[in-house]
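A look at the structure
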Amino acid sequence: MQTKILKRAWNWAARRSMMASAAALCCLAPAAQAEIRFSIPQADANAVTKAIAKNIAYLNENSDMEIKQYGEALLKQSEVAGGLRDGIVGIGFVVTAYLPAEYSEMNLMANLSMLATSGTPAKSPGAAATGAMMEYVLLNCPECLAQFKAQRQVFLSPGSTNPYDLLCEGSVTTLEELKGKKIRSGAANFGRWAESVGATTVSIPSGDVFDAMSQGVLDCNMLSTADIVSNGLLDVVDTALLGVPGGVYSGFASNTVNIDTWMSLSEENRKLLFNTSPVLAADINVEQHNNLAQATKAATEAGITINEIGEDLRQHTADFVQADLAIIAEQFKSQYGVSDVDRKIELAASLIEKWKGLTNEIDLMDRDGYAALYQQEIYSKIDPATYGMD
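Conventions adopted
Residues numbered from 1 in each chain as written. Predicted model: local features only at pLDDT ≥ 70, side-chain atom pairs only at ≥ 80, totals over all residues. Heavy atoms only, no water. Helix = DSSP H or I, 4+ residues; strand = E, 2+ residues; numbered from the N terminus. Rg over C-alpha atoms; globule rule 2.2 N^0.38 Å. Buried < 20%, exposed > 50% of the residue type's maximum accessible area, 1.4 Å probe, protein only. Contact = heavy atoms within 4.5 Å. Areas by Shrake-Rupley, 256 points an atom, 1.4 Å probe, with all protein chains shown as cover. Lys, Arg positive; Asp, Glu negative; His and termini not counted. Charge placed at Lys NZ, Arg CZ, Asp CG, Glu CD. Pairing = 2+ DSSP bridges. Right-handed = clockwise from strand over helix to strand, strands pointing away. Salt bridge = Lys/Arg side-chain N within 4 Å of Asp/Glu carboxyl O.

Secondary structure assignment for the protein chain yields 16 helices and 12 strands. Relative to its length of 390 residues, the protein chain is compact, with a C-alpha radius of gyration of 20 Å against a globular reference of 21 Å. Considered along the principal axes of its C-alpha atoms, the protein chain spans approximately 70 × 45 × 45 Å. In the protein chain, buried positions account for 55% of the 390 residues. Across the protein chain, contacts joining residues at least 24 apart in sequence account for 80% of those joining residues at least 6 apart. For the protein chain, the exposed surface amounts to about 15,500 Å²; the carbon and sulfur share of it is 53%. Of the side chains in the protein chain, 30 bear a positive and 46 a negative charge, and the two mean positions are spaced by 6 Å.

Pasting the structure below:
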């Protein structure tokens, strides 16, 4: 019943937004906007790339904007934030981990994402982490928005990966077998987990993982099993160990707009970008689930062994997540100067628990259900006409 109500709410909101946009385009007949570059330097098979491509198509069809997607040939992932700041692109997919100090407020929340797979079970840890990050940044963290503004950017929505697994060369199933392994980590908390099991962390760009595993520089990569296909790793992965390190990565801003681009848009176009942001986040959820199902099948057919973790690793990881909260708090206090850290961690943890409950009511493939939920709980509480204009 709740899902049906949310769907109706979302469908009405979507129709109203589309009618308002159509009316404005018809009656005002504004001149077409100059091309807006959207930077998304991820593989075409990546769930985020697929979702953003659909979002761009919808925006182009329902406005006078001309948004064009650009891949890694224009900017590498580590360069997107700077490219947005400098106006090289108008919209971009920002991974905040590349600039830990500049986005320290959002990165604090992102570093807590292992809570998404510990404690209360979540049907979709990624969808729950997305909702929690949305609510945290948009409704509870003016410091987060101020840091985006300092980078000349307007934050519109986050997204999340699927839960992280260990994708390894050779057989890895136990805590003992992880000792001495060279593991790529995409965030500091995941790196600490690797060290806690006796592994060595390796920091390399995601695009270099195939070569690194082929050459023995890397034994395991922390990614979702879905990324075996989307990152082209079928030929170098022998084992997918599910459930560790756990957690997700929710520290990316899937559609962040250059502030000058934002200010130059008509009010109707700003509203359209804002109102489609929860839909984009919902699409990312569904594409992640799609990719995971397809990749698991492809991996099995390719002879990759899919293993569940044993009780030793499960308990070790649960203990690690709780103990690591104090380390995260101290790091963000001393290294990044974030204030009121303990309260923020408590709030973030409560939001993750809240969103586990909310998203557990939604079917994994129900994009409209997720979108309506995000709209109802978060976006409906913000005025899109004034957002980002101060």
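Alright, that's what it looks like, and here's the rest.
In this section: the environment of Tyr103. Tracing the backbone shows Tyr103 in the loop between strand E3 (91–95) and helix H4 (104–110). Taking the C-alpha atoms as reference, Tyr103 lies 9.7 Å from Ala150; in sequence the two are 47 residues apart. Ignoring anything within four residues of it in the chain, the contact list for Tyr103 reads Ala81, Val94, Thr96, Gln147, Phe148, Gln151 and Gln153.

Turning our attention to the pairing of strand E1 (residues 35–39). Bridge count for E1 against strand E2 (residues 66–70) is five bridges, and the pairing is parallel. Its bridge partner being in E2, Arg37 is matched across the sheet by Lys68. You can see the chain leave E1, run along helix H2 (residues 47–61) and come back into E2, and the turn it takes is right-handed. Sheet topology note: the E1/E3 ladder contains two bridges and is parallel. If you follow Ser39 over to E3, its bridge partner there is Gly92.

Two side chains carrying opposite charge are able to pair once their charged atoms lie near each other. Per the counting criterion, the structure on display carries 19 salt bridges. A salt bridge links Glu105 to Lys344; the shortest N-O distance between them is 2.9 Å. Of this pair, Glu105 sits in helix H4 while Lys344 sits in helix H15 (residues 341–359), placing them 239 residues apart in sequence. As far as burial versus exposure is concerned, Glu105 and Lys344 are alike and both buried. For the salt bridge of Asp340 with Arg343, the shortest nitrogen-to-oxygen distance reads 2.4 Å. We classify Arg343 as partly exposed; its relative accessible area is 39%.

Turning to the environment of Pro205, a few remarks are in order. Within the element layout of this structure, Pro205 appears in the loop between strand E8 (200–202) and helix H9 (209–214). With relative accessibility at 46%, the residue Pro205 sits in the partly exposed group. For the pair Pro205 and Leu166, spaced 39 residues apart in the sequence, the C-alpha separation amounts to 16 Å.

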